[in-house]
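# Observations on chain architecture
Residues per chain, in single letters:
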Amino acid sequence: MKPILLLCALLAAFALPVGAEDFSDDDDFFALMPTKAPWLLDWGATASPAALLENQGGGNEAVAALSGNAWVRLSLPGMWRFYGRLKGSALLSVLPAGEDAMTLTTPWEINAAYLQLMDPDVGLTLTLGRQPFLLGSGLVLSGSGDGLEFKLTNSLFSAQAFGYYTGLLDTEFSTYAMHDWDEANGARRYITGYALGVGLGGHDLSLLGLYQGDFGLSPDDLYTSWYTGLQARGVFLGGDYLAEWYLQEGYSPSGDSSGAIDAYGGTTRYRRVFGIPTSPTVTLRYSLASGDADRTVTDVAVGNTSGLDTAFQSFGTLDVGVAFKPDFSNLHIAQAAFSFRPLEAAGRSLRGTSLGVSYQYYAKHVAAGVVNDGEATLASLDVGHGIDASLRLAPWNDLDIFVGGGVFIPGAAFPAGEALRYAVSGGMSLSF
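Figured I'd write up the structure that's included with this text. Bear in mind the structure is a predicted one, so any value in this text is a computation, not a measurement.

Turning our eyes to something else, we now look at the packing of aromatic side chains. Counted under the stated rule, the structure contains 20 aromatic pairs. When the ring of Phe162 is compared with that of Tyr164, the centres are 6.2 Å apart and the planes differ by 40°; the resulting orientation is tilted. With respect to burial, Phe162 and Tyr164 carry one shared label: buried. Aromatic pair Trp226 and Tyr251: ring centres 5.9 Å apart, planes at 65°, arrangement edge-to-face. Taken together, the residues Trp226 in strand β11 (residues 224-236) and Tyr251 in strand β12 (residues 239-254) connect sequence positions 25 residues apart. By relative accessible area, Tyr251 is classed as partly exposed at 46%.

Moving on to the environment of Leu104. Relative to the helices and strands, Leu104 is located in strand β4 (residues 103-105). Accessibility expressed as a relative area gives 56% for Leu104, which makes it exposed. Separated by 14 residues in sequence, Leu104 and Met118 place their C-alpha atoms 42 Å apart.

A few words now on unusual backbone geometry. The residue after Leu95, namely Pro96, is reached through a cis peptide bond having omega 5°. Structurally, the position occupied by Pro96 is in the loop between β3 (80-95) and β4. Unusually for a residue other than glycine, Ser279 sits at a positive phi of about 45°. Positionally, Ser279 belongs in the loop between β13 (257-273) and β14 (281-289).

This brings us to the nonpolar core. With 37 residues, the main nonpolar core has Leu135, Val140 and Leu141 as its most contacted residues. The set of elements that each furnish at least two residues to this core consists of β8 (158-165), β9 (189-200), β10 (203-214), β13 and β15 (331-340). The next biggest cluster of nonpolar side chains, apart from the first, holds five residues, and it includes Phe29, Trp71, Ala112 and Tyr114.

Attention now moves to a nonpolar patch on the surface. Taken together, Phe274, Ile276, Val282, Leu284, Phe338 and Val357 make up a surface patch of nonpolar side chains, about 480 Å² in accessible area. Along the chain, Leu284 falls in strand β14.

Under the defined criterion, the tally for this structure stands at 11 salt bridges. A salt bridge links Arg189 to Asp182, with the nearest nitrogen and oxygen atoms 4.0 Å apart. The pair formed by Arg189 and Asp182 is uniform in burial state, with each residue classed as buried. For Arg421, the salt bridge is made with Glu418, and the minimal N-O distance between the two is 3.4 Å. Each member of the salt-bridge network shares a partner with another, and the members are Asp182, Arg189 and Asp214.

Mapped onto the fold, Glu244 is located in strand β12. For the buried Glu244, which has no salt bridge, the nearest side chain bearing the opposite charge is Arg233, at an N-O separation of 5.9 Å. Beyond its immediate stretch of four places on either side in the chain, Glu244 contacts Leu135, Gly136, Ser137, Gly138, Leu139, Leu208, Leu230, Gln231, Gly265, Gly266 and Thr267.

This paragraph deals with the environment of Asp294. Counting through the fold element by element, Asp294 comes out in the loop between β14 and β15. Other than its neighbours up to four places away in sequence, Asp294 contacts Gly303, Asn304, Thr305 and Ser306.

Attention now goes to the side chain of Gln360. With respect to the helices and strands, the residue Gln360 is situated in strand β16 (residues 354-363). Once residues within four sequence positions are removed from consideration, Gln360 is found in contact with Val320, Gly321, Ile333, Ala334, Gln335, Gly384, His385, Gly386, Ile387 and Asp388.

What counts, and where the lines are drawn
Residues numbered from 1 in each chain as written. Predicted model: local features only at pLDDT ≥ 70, side-chain atom pairs only at ≥ 80, totals over all residues. Heavy atoms only, no water. Phe/Tyr/Trp six-rings, centres within 6.5 Å; stacked < 30°, edge-to-face > 60°. Buried < 20%, exposed > 50% of the residue type's maximum accessible area, 1.4 Å probe, protein only. Helix = DSSP H or I, 4+ residues; strand = E, 2+ residues; numbered from the N terminus. Core = buried A, V, L, I, M, F, W, Y, C linked by side-chain atoms within 4.5 Å. Patch = residues over 30% accessible without salt bridge, like charges linked within 9 Å, V, L, I, M, F, W, Y side chains within 5 Å. Areas by Shrake-Rupley, 256 points an atom, 1.4 Å probe, with all protein chains shown as cover. Salt bridge = Lys/Arg side-chain N within 4 Å of Asp/Glu carboxyl O. Lys, Arg positive; Asp, Glu negative; His and termini not counted. Contact = heavy atoms within 4.5 Å.

The following block contains the structure:
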């Protein structure tokens, strides 16, 4: 994983409450803009110094970073608005020692630049330009691109449709690469999707769909996939639940030719906040991604060696732990998390303090397959156990301080003597 994506993923995991999985951001950029006269400007900025130390089985790696963004929102005539955001980081590679140590990189990009029409009377939102796109909870799609999105929400139903292109994104921030060529030049993918939902007695049911393909590669290198899914969410026994599952079909490289994809995956989560002092929160989750016995790598287009490709892959995000961050493919994950606010009764600057711990058990779906880049090669389902902990303080509305860490204990699918993996990070986020 690229350093900028690795750091962002880990810091996001600690900056959010344990068990959080909905798409969110660390500033007010996506807050609903109040109705106002044309040509009025809102602006803001966020600065986040942070550090990460981890060992993923290949020695210690350490990165120090100063990341941030600056955004503007401009009201236009009628119901139109303009949104723009610049995002960047200064990354200092501290470990491993060697000629690449103390190397400073400064990736940046225009993270958002779009026009948006909002008509609250009919529940219509129309967006054109570079923006984040999200389908459902983000399991199969959560990422930015250049395109168009339509949303309609009313008392009877909700509808969403979008289409966009990824080839104009900076390679340091793109999450769509599936080939070495993609890593070097930027993935040139076109993605379309839809969601249709209805509310029934306090529960929301949605039909979800996604199609993605690639420009510019030879037919035998293309990874073309489409997803059909169902989502249910609502309140049950005093807590909120989410169930989202997909069937994946398509075509992927298979040896010297192309083979069909026949895969499936999804997640089910239940979370309850107890209305007692310290607001204890319990989250239970089970996630599954089908696998393929003859895949050599789980997260790229060319991993399948022959025949039918039964390994689930997506372009989204899922909370899978901190110390062990497996690709969501050929995997079962059972998770239990607990968090609380020990100083809830204290003064305003302390009552937002939260502590959280979580446990993850990982197992392969197909024992003969692998996880990640050819890891856990032994014919056992037991991948291992992860334990994470986090502390978050929010003394003021515009300041967040966080620290966290985790360990991963390899299971029987790894060779004997496989070392523990761990990750520790900390930092702060200051909004202006």
